[in-house]
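What follows is each chain in one-letter form.
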Amino acid sequence: MARTKSRPPRKKQTVKKRPARKFAKKKLARKRPAKKKPAKRRPRPRRATGGEWAVPRKFADTDQQIETLRHHVSEQCVSIASSIDTIPPEMIPVEMRDRWLHELRQAAVALVPVIERLATGQTTEPSR
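Residues numbered from 1 in each chain as written. Predicted model: local features only at pLDDT ≥ 70, side-chain atom pairs only at ≥ 80, totals over all residues. Heavy atoms only, no water.

K.L.:
Mind showing me how you'd approach the overall build of the chain here?
P.N.:
Assigned secondary structure in the chain consists of two helices and zero strands. Expressed as a percentage of its 128 residues, the buried residues of the chain come to 2%. When the accessible surface of the chain is split by element, carbon and sulfur atoms take 58% of a total near 14,700 Å². (Helix = DSSP H or I, 4+ residues; strand = E, 2+ residues; numbered from the N terminus. Buried < 20%, exposed > 50% of the residue type's maximum accessible area, 1.4 Å probe, protein only. Areas by Shrake-Rupley, 256 points an atom, 1.4 Å probe, with all protein chains shown as cover.)

Structure below.
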């Protein structure tokens, strides 16, 4: 039996969407308390290949700062000394001589707490 009438085309079935909920409760994600990280260990000097001690970064920075200070202080001292040698003492005004002495003494005094702290192992500034 042959069909003479054609079937009406079927509608494509679409997935039904849920109706939108305007005031739906959102599930609040519970936040877990953060795990405490273990305390960082202080880096210990370790032997590097070649038999020398490995130096932690903070020590290396401090060492570099001290070397730089010594280098610059040495250079400046040589420069100042040569300048003073070229000036006849009677040509330096008394006020300028006093100011220079005061500033040089202040520079020397500024180094004293650093030297004492390193020598005694102090971590706080000494009271004045």
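K.L.:
What should I look at first to understand the pattern of salt bridges in this one?
P.N.:
Working definition: two side chains of opposite charge can pair if their charged atoms are close together. Counted according to the given criterion, the structure contains one salt bridge. Linking Arg99 and Glu103 is a salt bridge whose minimum nitrogen-to-oxygen distance equals 3.6 Å. Remark: Glu103 and Arg99 occur in helix α2 (residues 94-120); sequence separation between them is four residues, near one turn of the helix. Given the relative accessible area of 42%, Arg99 is considered partly exposed. (Salt bridge = Lys/Arg side-chain N within 4 Å of Asp/Glu carboxyl O.)

K.L.:
I would appreciate a short explanation of α2 in the present structure.
P.N.:
The terminal C-alpha atoms of α2, which comprises 27 residues, lie 39 Å apart, in line with the 39 Å expected from a rise of 1.5 Å per residue. One or two positions beyond α2, positive phi appears at Gly121, with a value near 80°. (Expected span 1.5 Å × (residues − 1).)

K.L.:
Explanation requested: the layout of surface pockets in the structure shown.
P.N.:
Vacant regions in the atomic arrangement are exposed by a probe of water-molecule size rolled over the atoms. Estimated volume of the largest pocket: approximately 320 Å³. Surrounding the largest pocket, Lys58, Phe59, Thr62, Asp63, Ile66, Pro113, Val114, Arg117 and Leu118 form its lining. The leading source of residues in the lining of the largest pocket is helix α1 (residues 57-86), at five residues. (1 Å grid on protein atoms, 1.4 Å probe; cavity = no way out; pocket = protein on both sides within 12 Å on 5 of 7 lines; lining within 4 Å. Points joined across faces, edges and corners; volume = space filled by probe spheres on them.)

K.L.:
Help me out: how do you make sense of a nonpolar patch on the surface in this one?
P.N.:
The grouping of Leu69, Val73, Leu111 and Ile115 at the surface amounts to a nonpolar patch, some 320 Å² of accessible area in total. By secondary structure assignment, the location of Val73 is in helix α1. The partly exposed category is assigned to Val73, whose relative accessible area is 36%. (Patch = residues over 30% accessible without salt bridge, like charges linked within 9 Å, V, L, I, M, F, W, Y side chains within 5 Å.)

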